[in-house]
Amino acid sequence: MIQLDNVTVRFRIPHERIPTFQEYAIRWLKRGIRYTDFHALNDISFSIDQGETVGIIGPNGAGKSTLLKVIARVIRPTLGRVRLRGRVAPLLELGAGFDYEMTGRENVFLNGAVLGFSRKDMTQRLDRIVEFSGIGDFIDAPVRTYSSGMVARLGFAVATDVRPEVLIIDEVLAVGDADFQQKSAARIREFRESGSTILVVSHSPTSIKALCNRALWLEHGMIRQMGPVDAIVDQYAPGQPSQ
Amino acid sequence: MTMLEYDSAQRSPPFVDEFVQLLRYRDLVFLMAGNILKNRYKRSLLGIFWMLLNPLLQTIVLAVAFGALFKSTLPHYPVYLLSGLLAWSFMTQTTQYTMGVMATGSGLLKRIYIPRATYVVAVVGNGLVNFLISILPLALIVLVLQHPVSLSWLFLPVSILILAVFTLGLALLLSTASVFFNDSIDIYQIVVQAGFFLTPIMYPPSVLPEALSGWLVLNPFFLMIELFRTPIYASAIPDLGLIAAAAVLAFATLLAGWTVFTRQADQLAYRL
């Protein structure tokens, strides 16, 4: 269960960008600093039940990524309340959380630690992760020698080795080659069937429809509409063929 | 795994929460500290030996240049020089490194929750390990020059602990500043450069004109360096007054650093 009550995320943007201490001091002495408030999320409330798969859609800058960050604890809401139960696992963009000079094996431990797992945990799960990723003998080579597909596969394998209660997918569905895409899609389906809650941000109406049962349409940091996926997506992107 | 509950409205104060989280993620801190070390020497031929060689070479160069100058006031000049230099480098290099590390880590800090202090603590931990290892070449010089070794060396763990606490506090303060103001990195660099010459590292405090030496007690780096150097060079335990002053300063700095850092931590994801 994920519940948001009146969540607002406010960024304070100085009228002119003040990147240095020197300028800050000058401005401050002169007349104080004026800010503009920008509401990335504006008074958002909704709740998602366990096991639901929700697609988040909306134009660029609507607040989709901010919403995911609030749920993943990366950003704390300025106002309002976020509640959820269980472990949240974000699927990271390509290479985030990797140290390219280190070997694949060392990176499995690093990635695992970033996700909050202990070294002991990771030792037990290493073989399973390596097998799923299909990296093979390359696991002991530095990650800088990997292709981007291999990095993505390893990242996916670590992030999804243990079923999270909440899985967050931000435009990273297409990972690796066709074979691996099938494998990863199967794993996400398996999570859904086992009761994981899944949040997906994507600009592709087709993949949102294929994966989700509900959709949340954001615009200017506010909820435009929320409801069954087909109805919402068709309104958001009319003319797109439905499946 | 136990069911974790997250409620943004119910959180212990950041001052406490950050510490609890850091304990939970301790394996990450250790891994990162180790990776910094590995990365630094991975692709070099002499590998870890650089860590031992570097201070030796530095000492030789400076001792050749200035040794004659302080021959009468500072016997076994290389011991005096290196013990001061090691303490100075530990404090300044580590803090300079942490100022850049928030930017390096921003990719991760913006995407996934990890304790925000992870990078800072890992860098200071790595600096501490380097510092400990570099005591080996210092011991080598002490042996070669037949500088007297006394039981006062047993005081060194206390000195090192106080230095590490001070460095961590300073690193937290400076890394917070670096996120908010780009030029704080440049300003600090100038401070460090000037500090190297204003602090008695290469020369004895007695060289300073009287007008300046009175101000020396206000130089926190000098306090810390003396704390580390006295047991080695003077074969004596530092003054009780000096120990007390350094300890109070170190823990006050850590308290201030931790308070400022954890209060601003929520802002970091917005700012980075």
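A few points on the structure. Quick caveat, the model's predicted, so the values are computed rather than measured. (Residues numbered from 1 in each chain as written. Chains lettered and ligands numbered in written order. Predicted model: local features only at pLDDT ≥ 70, side-chain atom pairs only at ≥ 80, totals over all residues. Heavy atoms only, no water.)

1. A word on the overall build of chain A
Thinking step 1. Looking only at helices and strands, chain A has 8 helices and 9 strands in total.
Thinking step 2. Across its three principal axes, chain A shows a C-alpha extent of roughly 65 × 50 × 35 Å.
Thinking step 3. The buried share of chain A, reckoned over its 243 residues, is 50%.
Thinking step 4. Here the analysis covers contacts within chain A between residues at least 6 apart in sequence; of these, 72% occur between residues at least 24 apart.
Thinking step 5. When the 30 positive and 27 negative side-chain charges of chain A are each reduced to one mean point, those points stand 7 Å apart. (Helix = DSSP H or I, 4+ residues; strand = E, 2+ residues; numbered from the N terminus. Buried < 20%, exposed > 50% of the residue type's maximum accessible area, 1.4 Å probe, protein only. Contact = heavy atoms within 4.5 Å. Lys, Arg positive; Asp, Glu negative; His and termini not counted. Charge placed at Lys NZ, Arg CZ, Asp CG, Glu CD.)

2. Some remarks on the nonpolar core
Thinking step 1. Ranked by internal contacts, the top residues of the largest apolar core, which has 75 residues, are A:Y146 and B:I114.
Thinking step 2. Considering each element in turn, this core owes the most residues, 7 residues, to helix α5 (residues 148–159) of chain A.
Thinking step 3. Every residue in contact with A:Y146, bar those within four places of it in the chain, is listed here: A:G104, A:I135, A:F138, A:I139, A:A141, A:V151 and A:L154.
Thinking step 4. Counting residues in hydrophobic clusters, the runner-up holds 54 residues, among them B:L82, B:W88, B:M91 and B:F155. (Core = buried A, V, L, I, M, F, W, Y, C linked by side-chain atoms within 4.5 Å.)

3. Regarding the interface of chain B and chain A
Thinking step 1. Between chain B and chain A, the residue contacts involve 38 residues of the former and 47 residues of the latter.
Thinking step 2. Interface of chain B and chain A: buried area, both sides summed, is about 3,900 Å²; carbon and sulfur atoms make up 56% of it.
Thinking step 3. Looking only at chain B, the three residues that lose the most surface to chain A are B:Y6, B:R111 and B:Y270, adding up to 20% of its buried area.
Thinking step 4. Joining chain B to chain A, the criterion identifies 4 salt bridges.
Thinking step 5. Across the pair A:R81 and B:D7 runs a salt bridge, and its minimum N-O distance is 2.6 Å. (Buried area = accessible area lost by both parts, 1.4 Å probe. Salt bridge = Lys/Arg side-chain N within 4 Å of Asp/Glu carboxyl O.)

4. Digging into the packing of helix α3 (residues 49–66) of chain B against helix α7 (residues 135–144) of chain B
All names here are of chain B.
Thinking step 1. Running from N to C, α3 and α7 cross one another at 45 degrees; their axes reach a closest spacing of 8 Å. By the angle class used here, α3 and α7 are oblique. For the pair α3 and α7, the sense of crossing is right-handed. Packed against α3, whose contacting residues are L52, P55, L56 and T59, the element α7 presents L136, P137, L140 and I141 at the interface.
Thinking step 2. In the contact of α3 with α7, the residues fall into 7 nonpolar, 1 polar and no charged. (Axes fitted to C-alpha atoms, helices over the stretch in contact; angles between N-to-C directions. Parallel < 35°, antiparallel > 145°, perpendicular 65-115°, else oblique. Left-handed = near helix turned anticlockwise from the far one by under 90°. Nonpolar A, V, L, I, M, F, W, Y, C, P; charged D, E, K, R; others polar.)

5. Some remarks on the side chain of A:T160
Residues and elements named next belong to chain A.
Thinking step 1. Position of T160 among the secondary structure elements: in the loop between α5 and β6 (166–170).
Thinking step 2. Classification of T160 as buried rests on a relative accessible area of 0%.
Thinking step 3. Side-chain polar atoms of T160 contact the backbone oxygen of F156, separated by 2.7 Å.
Thinking step 4. Once you skip the residues sitting within four places of it in the chain, T160 turns out to touch L91, R187 and F191. (Polar contact = N/O pair within 3.5 Å; in protein donor to acceptor, adjacent residues only side chain to side chain.)

6. A word on the side chain of A:R125
Thinking step 1. Turning to its location among the elements, A:R125 is positioned in helix α4 (residues 119–133).
Thinking step 2. For A:R125, the residues in contact, after removing those within four places along its chain, are A:F117, A:V158, A:D161 and A:V162.

7. Describing the packing of aromatic side chains
Thinking step 1. Under the defined criterion, the tally for this structure stands at 15 aromatic pairs over all chains.
Thinking step 2. Ring geometry for A:F132 versus A:F180: centroids 5.7 Å apart, planes at 70 degrees, classification edge-to-face. Taken together, the residues A:F132 in helix α4 and A:F180 in helix α6 (residues 178–193) connect sequence positions 48 residues apart. Neither residue differs from the other here; A:F132 and A:F180 are each classed as buried.
Thinking step 3. Between A:W217 and A:Y236, the aromatic rings sit 5.3 Å apart at their centres with planes inclined by 70 degrees, giving edge-to-face as the arrangement. On the criterion of sequence distance, the pair formed by A:W217 in strand β8 (residues 214–219) and A:Y236 in helix α8 (residues 229–236) is long-range, its members being 19 residues apart.
Thinking step 4. In this structure an aromatic cluster arises from ring pairing among B:W88, B:F166, B:F196, B:F197 and B:F221.
Thinking step 5. Taking NZ or CZ as reference, A:R224 lies 4.5 Å from the ring centre of A:W217, over its face. (Phe/Tyr/Trp six-rings, centres within 6.5 Å; stacked < 30°, edge-to-face > 60°. Lys NZ or Arg CZ within 6 Å of the ring centre and 35° of its normal.)

8. A few points about the sheet that holds β8(A)
Residue and element names in this part refer to chain A.
Thinking step 1. Reading across from one edge, β5-β6-β7-β3-β8-β9 is the order of the 6 strands in this open sheet, with mixed pairing throughout. With partners counted over all chains shown, the strands left at the sheet margins are β5 (88–91) and β9 (222–228), one partner each. The average undirected angle you get between the axes of adjacent strands in this sheet is 20 degrees.
Thinking step 2. Looking at chain direction, strand β3 (residues 53–57) and strand β7 (residues 197–201) are connected through 4 bridges and run parallel. Each bridged residue has a counterpart across the sheet, and for T53 the counterpart in β7 is I198.
Thinking step 3. Sheet strands touched by α8: β3, β8 and β9. Its angle to β9, the strand with the most contacts, is close to 135 degrees. (Pairing = 2+ DSSP bridges.)

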